[in-house]
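Observations on the model geometry
Each chain is listed here by its residues.
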Amino acid sequence: MLGEAVTAEKPPLRARRLSWGFGSWLLPAYTIIALVFLLIPIAYTFVFSFNNSVKSNIVWRGFTLDKWANVCDKAEVCEAFGNSLVIGVVATVCATILGTMIAIALVRYRFRFRSAISLLLFLPMATPEVVLGAGLAAEFLTAGVEKGLVTIIIAHTMFCVSFVVVTVKARVSTLDPALEEAGRDLYGSPSQVFWRITFPLLLPGIIAAALLSFALSFDDFIITNFNAGTTSTFPKYIYISAARGIPAEANVIASAVFLLAIILVLISQVSSAMRRKRLAKIG
Amino acid sequence: MAFSAFATGTAQEQAPRRKSRIALFLLLPGILYLVLFFLVPLVSLVLTSFQEPIVNGDIGEYQTAFRWENYTDVIGLYGEHILRSFLYAILATIFALLFSYPLAYFIGVKARRWPLIQNLMLVLVIAPFFISFLLRTLAWKSLLSDESVVITGLKALSLMAPDAHFTGTPAAVVFGLTYNFIPFMTLPLYATLERLDTRLLEAGGDLYSRPFTTFRTVTIPLSMSGIVSGVLLTFIPAAGDYINASRDFLGGTGTAMMGNVIESNFLVTLNYPAAASLSIILMAVILVMVTVYVKRSGTEDLL
Amino acid sequence: MASGAFAESGADLELVGISKRFPGFTAIERLDLTIPAGSFFALLGPSGCGKTTTLRLVAGLEEPTEGTILIGGKDVTPLKPYQRQVNTVFQSYALFPHMTVLDNVAFGLRRRRIADPVGKAHEALRLVELDHLATRKPQQLSGGQQQRVALARAVVNRPALLLLDEPLGALDLKLRRQMQLELKSIQDEVGLTFVHVTHDQEEAMTMADTVAVMNKGRIEQLGAPEELYELPRTAFVANFLGQSNLFTGTVSGTTSDSITVSVEGVKITVPKARAQRHTGDVTVGIRPEKLLLHTSDPKTAAGTNSLGPGRVIDVSFSGVSTQYIVAFPGIGTVTVFAQNLDFGPVVPDGTEVWVSWRVDHGFGLEDEAESQPRFPADTDTATIAVQKKRALMSELEEA
């Protein structure tokens, strides 16, 4: 998912150290402090998922694995989490399909109104969530559509499409067009060329886009809040219970999601590093 | 923009684009979707912002009209909030930039010889994304509340007045905004700095430039596209944010931003025209910024 | 879909009246070309001359704006690439990175539902001596090996026509020489028609039976390598293939079998059979290796031309030969290649010398040599600016 991000043309850094100067320890030290700073709330959330809390989860009462073991004792938390999952999956599937098609068109084909379309794809990323949320809610209001799960999914798909386009487009641009030409030259019909050559090579980008889309959808609050009606999603549940006191079970779910995400990312990094070693040139 | 940080592999020179009807088929579903669920809502917002209440109607009942005064009303009523939003957003952007640039520089330039560590650090930078941002903000609220270790410690060291607060103040809101948008600033900066050809810095040194001058005259201009992306990606959502400023989170009585006002008008008092006109004002300012950006760099690199 | 049968041997290729225009510029203008079956044909020219476009037109990867393409007498112009019995070896090899070498080679066979694709793929890999790497991925192979896999992948389909788009460009010199010989021997073995596009004139002359020199979308001259080299018809061919010494003057006399051109008072005789034009202003030329260097005035024997006296202004040793640049007052500089039969240069810098050559080694061109600018046209700023403007305008057209 994350770029190996090394361009082929640049030479590797010379073995001899570049002149670092007096501040050569300054930057690394700063980086470490900065990274620790970024991780503080995560650590806090994780630690407090083990808190033996009763009502609110602000004061430390003692360590317990109880909340992890019985996460769904608080039914609302699990219901909200479940909704977020469903919404995330459906919105991701829709946005990924729509976005991938657009990305391919943008890179490979000529068509009119290219600038207008680029702008249209860019704007949702540049529009504040309040505006997006309020606008959609206004539209649903005028159309008389009842707010609920479906409207949330519609909203999430909308703002995810642009991100999918950007991610897949970056991947499509790395594809050597000669590969598809070779496919056509070797008697592949257009659909064969797409499914046997283009799609497998795009897949890492599509997966990255899908993951990004899911993450955006799962964590979305503002747009959801405007368009959810009474349906509960995980972020919405947290917002509502912020006043009363958030149960530790919510911390448990959030920490679990975090761990899962980090593990997935680390696996993908390690496996791509291993793959690079295996594919090192021979002969 | 930022997402080239996620691109694996180098961009290849593409063949001249083909003209084909397939393009239409590929584009139509997505574009129609966006038109229907992005453009139309914006139009809807504009229409709503001009509506007027139905005489003798219920709360939340409006009819189509052309009431310009909605805008002037809203500016008069919430002018303070509007200015405050932009002020907080600008501050948060500046702080995020100052915080993120050295970080992105280290990861993207200095750490190039250790790609595995580079990737690891990037993962740590975006790790906050994986915890719901509401929980992140609440975590800071707890960590910086009056009873917390940090604040009691600062008071014990006489760095803070005994009866001062941190949470509930504008400082806390800006702090929260800065923290939450650091990844948005770091990633585009990283993406640009990662592509920085260090040989150019060497050339600067070779041409008698001292390190800081090289930084000022070579590095910064070359990373400008990343800086602009990061600034846009940070300022725009920050200006419309209302979580950080909300009283349940890091905000207090004097910190309400435009977002809070829009939310309360839309969802609580059901004053749709007011909410809509505020949204349009916010959108208009953003559009001006985006237009300047597009005029300077064109639409090809937008995505 | 191309049928399951292999083409038994190579087929004729005919291009009739082909033009290809892109938005903003014309790549090929009214091209006519016939390539006989079973030959090794080279399309030679500088970058931008249209040779790669011609190849892509034959492969079906581009459509001609005008004209027809016939393979084996059949009009294939409306056919898509996967319907034509033509295969391409791409400049970047274009090996599918997500498939093994074997699957790469078998790809075309499988698309055409040919029986025993795996067996035939192994056979093709044995032909290029890479069968032992069949299960590897392309990224694990060296450049030379990848090139051979790309060749096997194309050849295994026994196409009527095999197109090679500068396939040796990415290889280092020694490997390139080796591959040139291998390609030639494979072509002899399988008997397919090879069309090889290159900008390397040495490569074209070594490998091909017939060479066509292209410039700015047109074929300047077509023929066997020796013919093109020893008897160029245009200034472009004279300068592109090897080096030439060119002299422009007016025809001052003719005989039954030769013409004499007067260049700044010096008379140069060229056989009529080797001169494209016999009247008016004519540019004549002589190859540098055909010139003899003299330190005293050679009394002009019958059947030779001579120039002099001049002064040697540069001596360059390059192993096999030494290049001398001699300045003649009024005429300009002349390059002489002398084989290093002994050690060291024959004359040092600054010596007064004469050059002579046999009359029947000279040639007369169709056109006049243009004065060459110091930097080739496509790197001069004005041209770049024009290209950029064209690109912008074509974008505006689309928007």
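Residues numbered from 1 in each chain as written. Chains lettered and ligands numbered in written order. Predicted model: local features only at pLDDT ≥ 70, side-chain atom pairs only at ≥ 80, totals over all residues.

1. A few points about the overall build of chain C
On a plain count of helices and strands, chain C comes out with 9 helices and 20 strands. For chain C, the spread of C-alpha atoms along the principal axes amounts to about 75 × 50 × 45 Å. Across the 399 residues in chain C, those meeting the buried criterion constitute 39%. Taking contacts inside chain C between residues at least 6 apart in sequence as the whole, the part at least 24 apart equals 67%. (Helix = DSSP H or I, 4+ residues; strand = E, 2+ residues; numbered from the N terminus. Buried ≥ 20, exposed ≤ 12 C-beta atoms within 10 Å, placed from the backbone. Contact = placed C-beta atoms within 7 Å.)

2. Description of the overall build of chain A
Counting its regular elements, chain A contains 11 helices and 1 strand. Listing each helix as α and each strand as β along chain A from the N terminus yields α-α-α-β-α-α-α-α-α-α-α-α. Along the first, second and third principal axes, the C-alpha set of chain A runs to 65 × 60 × 35 Å. Across the 283 residues that make up chain A, the buried fraction comes to 49%. Expressed as a percentage of contacts within chain A between residues at least 6 apart in sequence, the contacts between residues at least 24 apart total 80%.

3. Concerning unusual backbone geometry
The omega angle of the peptide bond from Gly308 of chain C to Pro309 of chain C is 0°, so this bond is cis rather than trans. Tracing the backbone through its elements, the reader meets Pro309 of chain C in strand 16 (residues 304-318). Positioned with a positive phi, Tyr187 of chain A is a non-glycine residue whose angle comes to about 70°. With respect to the helices and strands, the residue Tyr187 of chain A is situated in the loop between helix 7 (177-185) and helix 8 (190-219). Positive phi outside glycine occurs at Glu129 of chain C, with the angle close to 60°.

4. Description of the sheet that holds strand 5 (residues 74-75) of chain C
Ordered in space as 2-1-4-5 (chain C), the 4 strands form an open sheet in which the pairing is antiparallel. Each edge of the open sheet carries a strand with a single partner, namely strand 2 (25-35) and strand 5 of chain C. (Pairing = 2+ DSSP bridges.)

5. Here's the deal with the packing of helix 3 (residues 75-108) of chain A against helix 10 (residues 234-244) of chain A
Residues and elements named next belong to chain A. Between helix 3 and helix 10, the least distance of the axes is 7 Å, while the angle of their chain directions is 145°. When helix 3 is examined against helix 10, the residues Glu76, Val77, Ala80, Phe81 and Ser84 are found in contact with a partner set consisting of Phe234, Lys236 and Tyr237. Across the contact of helix 3 with helix 10, the residue classes tally to 5 nonpolar, 1 polar and 2 charged. (Axes fitted to C-alpha atoms, helices over the stretch in contact; angles between N-to-C directions. Nonpolar A, V, L, I, M, F, W, Y, C, P; charged D, E, K, R; others polar.)

6. Brief notes about the environment of Val172 of chain A
Residue and element names in this part refer to chain A. Inspection of the secondary structure puts Val172 in helix 6 (residues 149-173). For Val172, a count of 26 C-beta atoms within 10 Å translates into the label buried. As for Val172 and Val107, which are separated by 65 residues in sequence, their C-alpha atoms are 7.0 Å apart. In this view, Val172 contacts Ala103, Ile104, Val107 and Leu202; residues no more than four positions away in its chain are not counted.

7. Regarding the sheet that holds strand 17 (residues 321-328) of chain C
All names here are of chain C. The antiparallel open sheet is built from 5 strands, whose spatial order is 15-19-16-17-18. Unpaired on one side and paired on the other, strand 15 (292-294) and strand 18 (332-339) mark the two borders of the sheet. Direction aside, the axes of adjacent strands within the sheet are offset by 45° on average. Direction of pairing for strand 15 relative to strand 19 (residues 352-358): antiparallel, over a ladder of 3 bridges. Each bridged residue has a counterpart across the sheet, and for Leu293 the counterpart in strand 19 is Val355.

8. A look at the pairing of strand 8 (residues 193-198) of chain C
Consecutive side chains along a regular strand alternate between the two faces of the sheet. Residues and elements named next belong to chain C. Here strand 8 lies mainly inside the structure; 6 of its 6 residues are buried. On strand 8, burial covers both faces: Thr193, Val195 and Val197 on one face and Phe194, His196 and Thr198 on the other are all buried. The sheet contact formed by strand 3 (residues 40-44) and strand 8 spans 5 bridges and is parallel. What sits directly across from Phe41, in strand 8, is Val195. When strand 7 (residues 161-165) meets strand 8, the two strands line up parallel, connected through 5 bridges. Counted as the bridge partner of Leu164 is His196 from strand 8.

9. A look at the domain arrangement of chain C
How large an interface is tends to be reported as the accessible area lost when its parts come together. One can read the domain layout of chain C as domain 1 (13-230) and domain 2 (243-364). Put simply, the middle of domain 1 of chain C and the middle of domain 2 of chain C, counted by C-alpha atoms, are 39 Å apart. (Domains from an automatic or database assignment.)

10. Some details on the interface of chain A and chain B
With 92 residues of chain A at the interface, the matching set in chain B holds 92 residues. The element that contributes the greatest number of residues to the side of chain A that touches chain B is helix 1 (residues 26-48) of chain A, accounting for 13 residues. Residues belonging to the side of chain A that touches chain B are distributed by class as follows: 67 nonpolar, 15 polar and 10 charged. Pairing between strand 1 (residues 109-110) of chain A and strand 1 (residues 18-19) of chain B: 2 bridges, direction parallel. Paired with Tyr109 of chain A across the bridge in strand 1 of chain B is Arg18 of chain B.

11. Overview of the environment of His156 of chain A
Residue and element names in this part refer to chain A. The residue His156 is located in helix 6 in this model. Expressed as a C-alpha distance, the spacing of His156 and Thr224, which sit 68 residues apart in the sequence, is 7.9 Å. Those residues in contact with His156 that sit more than four places away from it in its chain are Ile87, Ala91, Ser217 and Asp220.

12. A short note on the nonpolar core
Judged by nonpolar contacts, the single largest core of 249 residues is most densely connected at Ile102 and Ala134 of chain A together with Val58, Val105, Leu161, Val195 and Val213 of chain C. The greatest single-element share of this core, amounting to 15 residues, is contributed by helix 6 (residues 170-194) of chain B. Mapping this core onto the domain boundaries places at least three of its residues in each of domain 1 (13-230) and domain 2 (243-364) of chain C. Of all hydrophobic cores here, the second largest spans 12 residues; its members include Ile286, Tyr324, Val326 and Phe328 of chain C. (Core = buried A, V, L, I, M, F, W, Y, C linked by C-beta atoms within 7 Å.)

13. Topic: the packing of helix 6 of chain A against helix 1 (residues 21-49) of chain B
Axis separation between helix 6 of chain A and helix 1 of chain B bottoms out at 10 Å; the angle between their running directions is 120°. Of the possible angle classes, the one that applies to helix 6 of chain A and helix 1 of chain B is oblique. In this structure, the crossing between helix 6 of chain A and helix 1 of chain B has a hand that is left-handed. Taken together, the residues of helix 1 of chain B that come into contact with helix 6 of chain A (itself represented by Ile154, Met158 and Val161 of chain A) are Gly30, Tyr33, Leu34, Phe37 and Phe38 of chain B. The class makeup of the residues in the contact of helix 6 of chain A with helix 1 of chain B is 7 nonpolar, 1 polar and no charged. (Parallel < 35°, antiparallel > 145°, perpendicular 65-115°, else oblique. Left-handed = near helix turned anticlockwise from the far one by under 90°.)

14. Topic: the confidence of the model for chain C
Summary statistics for chain C give a mean pLDDT of 87 and a share of 93% for residues scoring 70 or more. Confidence drops under pLDDT 50 across residues 1-6 of chain C; counting only partners more than four residues distant or on other chains, this segment forms 14 contacts. (pLDDT = per-residue confidence, 0-100.)

15. With respect to the pairing of strand 17 of chain C
Residues and elements named next belong to chain C. Sheet analysis places strand 16 next to strand 17, joined by 7 bridges and oriented antiparallel. When the bridges of strand 17 are listed, Asp314 appears paired with Ile325. As consecutive antiparallel partners, strand 16 and strand 17 are separated by 2 residues, and within that stretch Gly319 has a phi angle of approximately 80°, a positive value. Two strands pair when backbone bridges link them, and strand 17 and strand 18 are joined in this way by 8 bridges, in the antiparallel orientation.

16. Concerning the environment of Ala171 of chain B
All names here are of chain B. With respect to the element layout, Ala171 can be found in helix 6. Given 15 C-beta atoms within a 10 Å radius, Ala171 is considered partly exposed. The sequence separation of Ala171 and Leu250 amounts to 79 residues, and the corresponding C-alpha distance is 9.2 Å.

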